[in-house]
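Architecture and fold: a report
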Amino acid sequence: LAYRSVGGEWTVYNTDNALPNKQILALYGDSNGGLWIGTSGGLAHLTFSKKNTLCSELSDEQCQNILTGKRAAIIIAGGGSDDSNTLWDSTAAISTDIYKMLNKRGFDNDEIYYLSPSSYADFNGDGNDDCIVDAPATPRCRLKAVETPISERSLNVDDVRQAFAWAKTGGQLDQPLYVFFIDHGTPDKFQLSKGNYLYVDEFKSILDSYQNETGNEVALVIEACYSGALLSQLKAPHRAIISSAGNEQAYFDRTSKQGFSRFFAKGLTQGRSFWESFEYASAKQKKYVQSINRDQSPQWYDGTEEGQWLKEIFINGDFATADVTFTVEALTTSTKLSVGQSIELRAKASLTQSDTKRLWAIIKPPKVSLILDSYGTPILAFPHVTLYKRTDSGDWAATWQEFAYNGTYEITFYAEDKAGNISSSEEAITVEVTGGNDSPEKSSVNITLAKERYQRGELFKAELTEELGWGYDLYAAILLPDGHFLALRDTNKAAELNKAKKWVSDRTPHSPVTLLELSLPENLPTGQYCLYGILSPENELVLENLPLWVWTQQCFEVF
């Protein structure tokens, strides 16, 4: 079969009847059953409904519900995709994972309204834009080889209103309208982008208007800080609400792009009800935040006393669609080590090497610091290490040696396949470490100098030691007598004048690194010099978030 465009519509033709001018220039599979179609008139992405595929696995009644049922879902990926929002990568990954869940369970693209500040979204993992973002950006279909700029614009309240206007056109539904809201939050508002808010009373008005006009039920999932406080203000009849947190902050593992909603989506994918998925995600998230001695208490509301309605809500039915064969097995076993020793981390995925995209380990030390980004969102700052394929055995391996403090370290292995699915080892292995120092109470950075005054030509040495630096970028800089500064990138290596560049050389907590070790030049200007050591939250703009710094300075005089 071949495809050609007729009046803007894509039509199936037998290849024997293809037009002689060869309008079809290229067909490229997207690894998910769809096609990229290149013609002399442009490029299109053709996707196929999951419904017929699902029907082959379901009962006649289940199949009929999927083929004829009326359904709709809205995904809102808020917070903004600008450089100041370090949570955006996690927000985008979780949002597209929710889209993937809906797709696997029989939703077509025209049944999902996807709000995102970025036009690019790849839910099937083939590396191409799937053209699933509805607003505010205009989707642009493109192959990897086509250099087309990604369109971006921050979300605003009108975009949210437009999403629910679209939902109203669907009329009476056979299921609740599913709404997934991933965003920054405060007790009274959602932060759609930096400086752009949707207040909770305004969102309630939008929800009320939709339900009053259509008579449909709504199932709302909120992934945001203080989402429990937002939940309490959004309650209404025929409205089920799940929040990722109570009246506290929500936590995200940015390395694995994990959060409550990703666990929740996995539960729904597996065919669990909203109630079962809530309990599954709550337990998974609890394990994350226990490591930093924090609490996160997801909330629910459905107008009943024991969650009877939530127990009845399934996405298109209670059938399972998850690939249960995708598992990760830890090959390294629990052990005991002394500070300074290393461990070989080994694991394998149930998929073949060609289907496994990457594999890594997350290490939870005895203590880590609570780190906030510029939006006030907590960062789960666990060290991580990338594992590499070993061709001889088929497993993945790497070495880690940053056991700096006494106590118990927990190590969990994660793998991602080419479709973007993430799986983890069931139980963490433990490493009992002794022979060193106990973890300090909080993060710190210290600079050591031999003395406070130096002559030109004299040997000069400066060392920096950081404690609990996981989740921070390290900056080291020297302020010159004339007010300019030089950022240090490695021992005796500086960036351009007045350029804020982070330290790129080795970092190990509690182990000093040498910033400078040299003879001071004979022509060095005299005066006061000051060395700075700065721990700044990972991937943040260091000069724009001074209140978030952990820092120190040591000054000396050259005469």
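Residues numbered from 1 in each chain as written. Predicted model: local features only at pLDDT ≥ 70, side-chain atom pairs only at ≥ 80, totals over all residues. Heavy atoms only, no water.

Focus: the overall build of the protein chain
Regarding its fold elements, the protein chain presents eight helices and 35 strands. Burial statistics for the protein chain: of 559 residues in total, 51% are counted as buried. By sequence separation, contacts in the protein chain at least 24 residues apart represent 66% of the contacts at least 6 residues apart. Carbon and sulfur atoms make up 46% of the accessible area of the protein chain, which amounts to about 25000 Å² in all. (Helix = DSSP H or I, 4+ residues; strand = E, 2+ residues; numbered from the N terminus. Buried < 20%, exposed > 50% of the residue type's maximum accessible area, 1.4 Å probe, protein only. Contact = heavy atoms within 4.5 Å. Areas by Shrake-Rupley, 256 points an atom, 1.4 Å probe, with all protein chains shown as cover.)

Quick look at the packing of helix α4 (residues 157-168) against helix α5 (residues 200-214)
It is the contact of α4 with α5, at a shortest axis distance of 10 Å, that shows an interaxial angle of 15 degrees. Of the possible angle classes, the one that applies to α4 and α5 is roughly parallel. The chirality of how α4 crosses α5 is right-handed. When α4 is examined against α5, the residues Val157, Val160, Arg161, Phe164, Ala167 and Lys168 are found in contact with a partner set consisting of Glu202, Phe203, Ile206, Leu207, Ser209, Tyr210, Glu213 and Thr214. Along the lines of polarity and charge, the residues of the contact of α4 with α5 split into eight nonpolar, two polar and four charged. (Axes fitted to C-alpha atoms, helices over the stretch in contact; angles between N-to-C directions. Parallel < 35°, antiparallel > 145°, perpendicular 65-115°, else oblique. Left-handed = near helix turned anticlockwise from the far one by under 90°. Nonpolar A, V, L, I, M, F, W, Y, C, P; charged D, E, K, R; others polar.)

Quick notes on the nonpolar core
Grouped together as the largest cluster of nonpolar side chains are 80 residues, with contacts concentrated most on Phe264, Phe274 and Phe413. Per-element accounting of this core gives the leading share, seven residues, to helix α8 (residues 274-290). Counting 33 residues, the second largest nonpolar core, distinct from the first, contains Ala163, Phe203, Ile206 and Tyr301. (Core = buried A, V, L, I, M, F, W, Y, C linked by side-chain atoms within 4.5 Å.)

Digging into the packing of aromatic side chains
Throughout the structure, instances matching the rule amount to 25 aromatic pairs. Relative to Trp470, the ring of Tyr405 has its centre 6.1 Å away and its plane inclined at 90 degrees; by these criteria the two rings are edge-to-face. Of the two residues, Tyr405 is situated in the loop between β23 (396-400) and β24 (407-417) and Trp470 in the loop between β29 (459-467) and β30 (472-479); the sequence distance between them amounts to 65 residues. Here Trp470 falls in the buried class, since its relative accessible area comes to 8%. Among the aromatic residues, ring-to-ring pairing joins Phe107, Tyr178, Phe260, Phe264, Phe274, Trp275, Phe278 and Trp300 into one connected group. Its end group placed over the ring of Tyr280, Arg272 keeps NZ or CZ at 4.2 Å from the ring centre. When the ring centre of Phe559 is taken as origin, the NZ or CZ atom of Arg453, which lies over that ring, is 4.1 Å away. (Phe/Tyr/Trp six-rings, centres within 6.5 Å; stacked < 30°, edge-to-face > 60°. Lys NZ or Arg CZ within 6 Å of the ring centre and 35° of its normal.)

Overview of the state of the cysteines
Put plainly, a disulfide is one covalent bond tying together the sulfur atoms of two cysteines. Under the criterion given, the structure shown has one disulfide. Residue pairing for Cys530: its cysteine sulfur links by disulfide to Cys555, the two sulfurs lying 1.9 Å apart. With the S-S dihedral at roughly 100 degrees, the linkage between Cys530 and Cys555 falls on the right-handed side. Residue Cys530 is found in strand β34 (residues 527-537), and its partner Cys555 is found in strand β35 (residues 550-558); the two are separated by 25 residues along the sequence. (Disulfide = S-S within 2.5 Å.)

Here's the deal with the environment of Ser232
With respect to the helices and strands, Ser232 occurs in helix α6 (residues 227-234). Under the relative-accessibility criterion, Ser232 is labelled partly exposed at 43%. Residues Ser232 and Gly246, spaced 14 residues apart in sequence, show a C-alpha to C-alpha distance of 9.6 Å. Within the structure, Ser232 has its side chain in polar contact with the backbone oxygen of Ala229 (distance 2.7 Å). (Polar contact = N/O pair within 3.5 Å; in protein donor to acceptor, adjacent residues only side chain to side chain.)

Let's talk about the sheet that holds strand β31 (residues 485-490)
Read across the sheet, six strands follow the order β28-β35-β34-β30-β31-β32 without closing on themselves; strand pairing throughout is mixed. In the strand order of this sheet, the two ends are held by β28 (453-454) and β32 (493-497), each with one partner. As paired strands, β31 and β32 are joined by three bridges and run antiparallel to one another. Each residue of the ladder has a partner; that of Asp490, found in β32, is Lys493. (Pairing = 2+ DSSP bridges.)

Details of the environment of Cys63
Among the secondary structure elements, Cys63 is positioned in helix α2 (residues 60-68). Taking the C-alpha atoms as reference, Cys63 lies 9.8 Å from Gly106; in sequence the two are 43 residues apart. Other than its neighbours up to four places away in sequence, Cys63 contacts Cys55 and Leu58.

Digging into helix α7 (residues 260-269)
Within α7, nine of the 10 residues are buried, which leaves the element mostly enclosed by the surrounding structure. Burial in α7 covers these residues: Phe260, Ser261, Arg262, Phe263, Phe264, Ala265, Gly267, Leu268 and Thr269. Along its buried surface, α7 packs onto α3 (88-104), β9 (177-182), β13 (218-223), β14 (239-243), α8 and β25 (422-424).

What about the pattern of salt bridges?
Counting across every chain of the model gives 19 salt bridges. Residue Glu202 pairs with Arg161 through a salt bridge whose shortest N-O separation is 3.2 Å. Taken together, the residues Glu202 in helix α5 and Arg161 in helix α4 connect sequence positions 41 residues apart. Taking the relative accessible area as the measure of exposure, Glu202 reaches 26% and is therefore partly exposed. Between Asp395 and Arg390 there is a salt bridge; the shortest N-O distance is 3.1 Å. (Salt bridge = Lys/Arg side-chain N within 4 Å of Asp/Glu carboxyl O.)

Details of the confidence of the model for the protein chain
Mean pLDDT for the protein chain: 86, with 85% of residues reaching 70 or above. Confidence drops under pLDDT 50 across residues 1-22; counting only partners more than four residues distant or on other chains, this segment forms 28 contacts. Note on residues 142-146: pLDDT under 50 across the span, and 15 contacts to partners over four residues away in sequence or across chains. (pLDDT = per-residue confidence, 0-100.)

Quick word on the sheet that holds strand β10 (residues 184-186)
In spatial order, the strands read β10-β11-β12; together these three strands make up an open sheet with antiparallel pairing. Of all strands in the sheet, those bounded by a partner on one side alone are β10 and β12 (196-199). Between one strand axis and the next, the sheet turns by 30 degrees as a mean value, whatever way the strands run.

Quick look at the side chain of Ser193
Among the structural elements, Ser193 can be located in strand β11 (residues 189-193). The buried category is assigned to Ser193, whose relative accessible area is 4%. With residues near it in sequence (within four places) discarded, Ser193 still touches Gly79, Gly80, Ser154 and Leu155.

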